[in-house]
Each structure stands twice: as C-alpha cells, then as structure tokens.
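Summary of the model geometry
Each chain, letter by letter, is given below.
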Amino acid sequence: MEASDETLVSQALNLGDIAAFEQLVRRHQPRVLLLQRRLVRDPAIAEDLCQETFIRAWNKLRTFRATGRFQAWLTKLAYNVFLQHLRHASRIPKHMESIGADGQLDRDCLVMPAVPIADELPDLPKLLAVLTKEEQTLMVLNYAHGLSNREISEVLGIPVGTIKSQIHRAKDKIRHRFRIGVTP
Amino acid sequence: MSPQDPLEQLLTGAFNRELGQLESAATVYRVMSRVRRYIWLRRFVFAAVVALAMAALITTFPDFLWLSNWLLGIEFGRQAIPVALPLLGLFIPWLLVLLDDQV
C-alpha cells in the first residue's frame, strides 16, 4: 500500500528522509506543472516555477499542518510562487484582476476563441481553450488537484460562491461549445 | 452532478490523460538535484560560519588554544591554529555529504 502524503511529509521532516520527499515530488509534479502551465503559458517558465514550488515546499515543510491536506497546502504554495513570479516580472496579472470582489469578469475575458468542433474526443487544451484564464485555473484546481470549492477559495482568496458560479459557468461553456449532452 | 454525466466523464478523462503526459522523470530529477544542492549549500554555509566563529574565538581569546589543541590532538603552533581550523571547517560539509548516505 502506498504511504499517504502526510506520512511521507512526516518521514521527510522527522527523519530527514529525502527519498520520502522525492516520492512526494514524483506524485505531485504533474499537477503542479499543469497548474503552472495554465497560469504562465510558457512551458519553460512553468517548469522553473514547478521546480521552485518544490524547493519552497522542502524549505517550508515544517509549516505544513497535518490537519489539512498536503495537496491543498502544496497548491497554495504553487500559486504563491506564481504570484511572486508575476511581481518579479513586474507584470500586471490581468486575468487575476478581471475577477472583481463581486466575481464579475471583464468583458474581454468573455470573448471566446473560435474552436473547431472535432468529431473525436477533444483533448484538454481544446476543452480549456474556450474558457477564460481564471476559469481554466479553477478547472485545473478542481479536476486535476481535486480541491474542494473551500480549498480553492483558500488558495486563490476568492469567495466560495464566486468559485461555484465560475466553475458552473465554465462547464456550461464547454457543454455548449462541444455540444455535450445538448440536443441540437 | 452525477459522475455518469458525459461532461464529467469527458473532463475527468481529459485531465487524467494530460496529467499522464506531464509525468516527467526528468522534472523530478531536476527538482531533486536542486533540493540536494540546496541541502549541500546550507550545510556548507553552516560549517563555514562555525569555522569562522571558532577562528574568531581563538584569535580573540588565545586561552581557547588548549581546547583546539586538544580537539585536534596535534600540537599546532599559536600562529597555525587560527588558519588551520577554518580550513578544517571548510572540509566539514564535504565530510557530511560523504557520510550522509541519504543525500
């Protein structure tokens, strides 16, 4: 049976077991990389940020409390690494600004790109292409990271209600764009 | 929403496929190399600080020479020890890395 994340954290922390930490990296690397790729778009930078996330995780392992899920803690760390990258790059996170306190989106973000509807099953980039950047982030956190709405709310600092409605809207967009379960 | 919902199935499948493609042994290797380098550097800095502190202590308070002599088990001259100890301290991280089979 595979050791739980929390057990591996405890081993890495108390015994200095770097192999336990390596197992955590192996387990969570695809999710962190997927999130960073959705956030920054540049695969090379995403890879760097993914590495940075795990370095920071190693340094801050003591701050992880076993009462929460390691996945949620790591995701928050990954998101903070991304925000720090933005600050360093002196870029304004336009897509983050587009989420207002009331969860209203900028009109620019609502313009959907034209995506050809393929006969075969669409892959993830095609599915996500019809969404705004923040909707993509929410979908990644929800489906790839398996975070609950409350956990996403803690990671992004957005109210739970906004997250619920945005995920619902994102699913509707995909459903209609790819005509899934929609009668013509 | 039911897990049998075609949209849920489509999304779950697409995300799982994408995650499978992103699994990269190379990334794990690079991450772990950086972590190991970081651990090594931290030990090196720690050992260097300890070595410098010892050197400062010995040069400021020569009475501590007996301790260093005793520690080393060699009768270094008064002039040699403040130089020799920091140099020895610089080798501590190498020794730590060699001795620690986990790193």
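Here, every reference points to the structure presented above.
Residues numbered from 1 in each chain as written. Chains lettered and ligands numbered in written order. Predicted model: local features only at pLDDT ≥ 70, side-chain atom pairs only at ≥ 80, totals over all residues. Heavy atoms only, no water.

**Overview of the overall build of chain A**
Within chain A, the regular secondary structure consists of nine helices and zero strands. Reading chain A from its N terminus to its C terminus gives the helix and strand order α-α-α-α-α-α-α-α-α. In chain A, which comprises 184 residues, the proportion classed as buried is 49%. In chain A, 61% of the contacts between residues at least 6 apart in sequence involve partners at least 24 apart. Accessible surface for chain A amounts to roughly 9300 Å². Of this, 51% is attributable to carbon and sulfur atoms. (Helix = DSSP H or I, 4+ residues; strand = E, 2+ residues; numbered from the N terminus. Buried < 20%, exposed > 50% of the residue type's maximum accessible area, 1.4 Å probe, protein only. Contact = heavy atoms within 4.5 Å. Areas by Shrake-Rupley, 256 points an atom, 1.4 Å probe, with all protein chains shown as cover.)

**Concerning the packing of helix 7 (residues 133-144) of chain A against helix 1 (residues 6-22) of chain B**
Relative orientation and spacing of two packed helices are given, respectively, by the angle between their axes and the distance between those axes. Orientation of helix 7 of chain A relative to helix 1 of chain B, taken along the N-to-C sense of each, is 85°, at an axis distance of 10 Å. Our classification of the angle between helix 7 of chain A and helix 1 of chain B gives roughly perpendicular. Residues Met139, Val140, Tyr143 and Ala144 of chain A of helix 7 of chain A touch helix 1 of chain B, and the partners they reach there are Glu8, Leu11, Thr12, Phe15 and Leu19 of chain B. (Axes fitted to C-alpha atoms, helices over the stretch in contact; angles between N-to-C directions. Parallel < 35°, antiparallel > 145°, perpendicular 65-115°, else oblique.)

**Let's talk about the pattern of salt bridges**
Throughout the structure, instances matching the rule amount to ten salt bridges over all chains. Ionic pairing is found between Arg27 of chain A and Asp5 of chain A, a salt bridge with its closest N-O pair at 2.6 Å. Residue Arg27 of chain A is located in helix 2 (residues 18-40), and its partner Asp5 of chain A is located in helix 1 (residues 5-14); the two are separated by 22 residues in the primary sequence. Overall, the relative accessible area of 22% leaves Arg27 of chain A in the partly exposed class. The salt bridge partner of Lys171 of chain A is Glu8 of chain B, with a shortest N-O separation of 2.9 Å. Here Lys171 of chain A is found in helix 9 (residues 160-177), whereas its partner Glu8 of chain B is found in helix 1 on a different chain. Salt bridges sharing common partners tie together Glu22 and Arg26 of chain A together with Arg36 of chain B. (Salt bridge = Lys/Arg side-chain N within 4 Å of Asp/Glu carboxyl O.)

**Here we look at the interface of chain A and chain B**
Each side of the interface is counted separately: chain A has 37 residues, and chain B has 28 residues. Here chain A meets chain B over a buried area of about 3100 Å², counting both sides, of which 71% is carbon and sulfur. Broken down residue by residue, the surface that chain A buries against chain B is led by Ile18, Gln51 and Tyr143 of chain A, which jointly contribute 19%. Our count for the chain A to chain B interface comes out at five salt bridges. Here Arg34 of chain B ties to Glu52 of chain A by a salt bridge, and the two come within 3.1 Å at their closest N and O atoms. Between chain A and chain B we count eight residue pairs in polar contact (both at pLDDT 80 or more) in total. (Buried area = accessible area lost by both parts, 1.4 Å probe. Polar contact = N/O pair within 3.5 Å; in protein donor to acceptor, adjacent residues only side chain to side chain.)

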